[in-house]
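Topology and contacts: notes
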Amino acid sequence: MTVSPLLEIHQDACIKCYSCVRICPVKAIRVDVNTEYPSIIPERCIGCGSCFMACSPAAITYRSSINEVKELIASGEKVAAVCDPAISGEFHDITDYRKFVQMIRNLGFAYVTEVSFGVDLVAKEYKELLEDFKGKYHIMANCPAVVSFIEKYYPELVSNIAPIVSPMVATAKVVRQRYGQEIKVVAIGPCIAAKDEALRITGDGRIDAVLTFTELRRLFNEFNIRETQLEFSEFDPPLGNKGSLYPISDGILQAVDISENLLSGNIITTEGRNNMLCAVKEFDSRIDLIRRHFNIFYDDGCLMGPGTSQGGEKFLRHTLVTDYANKRLNTLDPEAWKRDIDEFKGLDFSRDYVPDDQRLPLPSEEKIEEVLEMIHRQDQRDNDIGCESCGYPNCREFAIAIAQGLATTDMCHIFSGRNRQEYIKTLRTTNEKLAKTQEALRISEEKAKQEKDSQLEISALVSAMLQQLVSGVVIVDENLRILHANKAFIRILGEEAAMVDEVIPGLEGADLKSLLPIHFYKIFSFVLSSDESVERKDVQYGNGVLNVSVFSLRSKKFVGGIIRDMYMPEVYKEQIITRMKEVIDQNFDMVQKIAFLLGEGAAKTEQMLNAIIESHQSQNKK
Ligand code: SF4
Ligand code: SF4
């Protein structure tokens, strides 16, 4: 069965504030270069839940076990709840712990037991381990986030993790021993990392589901379970002793009186994200000088875990836990508790761990330098400083994360602010250019419109002028379709054309071939195909003769024709004048040629006579 990741980021709710990136102690959140959305890298995540608690828009959720638990209960199998003692700090709104025991029973659990007894057993194991010092210092393994952190980021320290199961697992073993091996176990606690821890445990310590306190509250609401409607109910045995103090970080030590005396003790307890990071780092590098065992919790004690209601007050919860522990101790039967310890102390509480190195190789100095220059932070290359708004302790660490593909440059406010300024500047220049282009476009559009208007006007004038001519004018396209024809053309063609004109005013679009005889329109076809003009050609048309000139207006596209009716008085007179002028011109030309020839003959005769005279004169002198 594939299990969904422990934590997920939902992009639809994410506002890209990167609080999660900043808080994640192991940089398990990558920001996508393109979408700029963060996403959790499950292999790197230690399940601490810090990102979940830091995300104010609630874009991060953890794997819910509610349906799993409902299915387990509905299956008809016996299910035992094992409750972390931190429940006393969480449910301050419930007046007596015996009420919430009954509320849990009402959900359908067959048994309701407490992890405090498991704490007592585990604490006893620790006492023996720590007192039997053989030269190796240990880190206690009660916090699953700390265990995961060491396995992934300090794998060489794995052998220093105390080889003892967590109280949750110890309690599951006890419950199965007492109530049957086949029983299902649901752990109820403040921790979400325990959900992943449970996946790794097999055998009699296995946990079938882990419910957080907030999930438990949801179930109470869903099934409308209210303490006011219920009577008291006690936990099912075995009952815990000082293990009830477990939610407070050194509670497990007090459970078996492990000395915390600063002078004589040999164990250091610490809690919280930053303290945990420092503690493991120092354990790794300085244990030869520190020479102490470490009891480390990631959260501010389990009572502030990410599975508790958000906004809880630490010291109020601390007080509620100690009050609860006192109450339990006042009613505890020490003899019965001792008998129970003796009964279960023989169980196997050992555990091992697996190194799972998730450390990324450090990029080369050149690469780091390149990134620092890219984000304009090269001046910070040797410094440990930075505004930390990107989520990294200094600019160098940020550059390393970028080089490792975990972060993007835009997470740097200074860089993205500068980019924004440059972007605004570019945008402004572009806008100005755009405005200029638009203005130029507007002017050229106006000009084009003016030109078009004046062309239309000229065309109308030309058309009007053509209509006034006594000669027929026609313009046709390459298909001999009429584009323009004047009234004189229609009149010259006669009645048939006049009828077509009535249907198609101006004969526009009419086929010249249907209006003219073949020998006539062939002149137009010839000019179209050859681009050669035909001038003043007499063409027989009906009973008369037309004088036709056809010329190309645009090569192979448009031709125009001027047709004159030779029998029209104006044309006739003009033609006679033109023709007479032609005859006179021809005669004059001929006379000139004759005169030239006569002139040339006379000159030759003169030359000959002059030569004879000259020869006579010279003979006389002799
Ligand atoms: S904390 Fe992370 S997941 Fe939540 S809104 Fe901010 S960037 Fe998105
Ligand atoms: S749970 Fe912890 S380790 Fe995992 S992504 Fe969130 S902050 Fe990082």
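Numbering of residues starts from 1 in each chain and follows the order in which that chain's sequence is written. Chain labels run from A onward and ligand labels from 1 onward, assigned in the order the entries are written. For this predicted model, a pLDDT threshold of at least 70 governs which residues receive local features, and a threshold of 80 or more governs which side-chain atom pairs are given and counted, while totals over whole chains, interfaces and linings are taken from all residues. Water and hydrogen atoms play no part in the side-chain values, which are based on all heavy atoms of the structure.

1. Here's the deal with helix α8 (residues 167–179)
By the criteria applied, helices consist of DSSP H or I runs no shorter than four residues and strands consist of E runs no shorter than two, each listed in order from the N terminus. To estimate the expected span of a helix, subtract one from its residue number and multiply by 1.5 Å. Taking 1.5 Å as the rise per residue, α8 with 13 residues should run 18 Å; its terminal C-alpha atoms sit 18 Å apart, in good agreement. Exposure classes here rest on a 1.4 Å probe applied to the protein chains alone. A residue is buried below 20% of its type maximum, exposed above 50%, and partly exposed in between. Counting buried positions over the 13 residues of α8 gives 11, a clear majority of the element. Listed in full, the buried residues belonging to α8 are P167, M168, V169, A170, T171, A172, K173, V174, V175, R176 and Y179. Following α8 by one or two positions, G180 adopts a phi angle in the positive range, close to 120°.

2. Side note on the sheet that holds strand β6 (residues 111–114)
Any two strands with at least two DSSP bridges between them are considered paired. Strand order in this open sheet of four strands is β6-β5-β7-β8, and the pairing throughout is parallel. Edge positions in the open sheet fall to β6 and β8 (209–212), since each of these has one partner strand only. Each neighbouring strand pair of the sheet contributes to a mean axis angle of 25°, computed without reference to strand direction. Where strand β5 (residues 79–83) meets β6, four bridges bridge the pair, whose relative direction is parallel. Residue pairing across strands places V82 opposite T113, the latter belonging to β6. Note on contacts: a residue pair is in contact if any heavy atoms of the two residues lie within 4.5 Å. Inter-axis angles, ranging from 0 to 180 degrees, are taken between N-to-C directions of lines fitted to C-alpha atoms, where helices are fitted over the stretch in contact. In the packing of helix α5 (residues 97–106) onto the sheet, contacts are made with β5, β6 and β7 (184–189), and the angle to β6 comes to roughly 140°. Sitting on the sheet, helix α6 (residues 115–131) is in contact with β5 and β6, with an inclination near 40° to β6.

3. Observations concerning the site of ligand 2
When we say a residue is near a molecule or strand, we mean one of its heavy atoms is within 4 Å of it. Neighbouring ligand 2 are 13 residues, the closest being C24, C45, C48, G49 and C51. Ten residue types, Ala, Val, Leu, Ile, Met, Phe, Trp, Tyr, Cys and Pro, are classed as nonpolar, four, Asp, Glu, Lys and Arg, as charged, and the remainder, Gly among them, as polar. Each residue belonging to the shell around ligand 2 can be placed in one class, and the counts come to 10 nonpolar, three polar and no charged.

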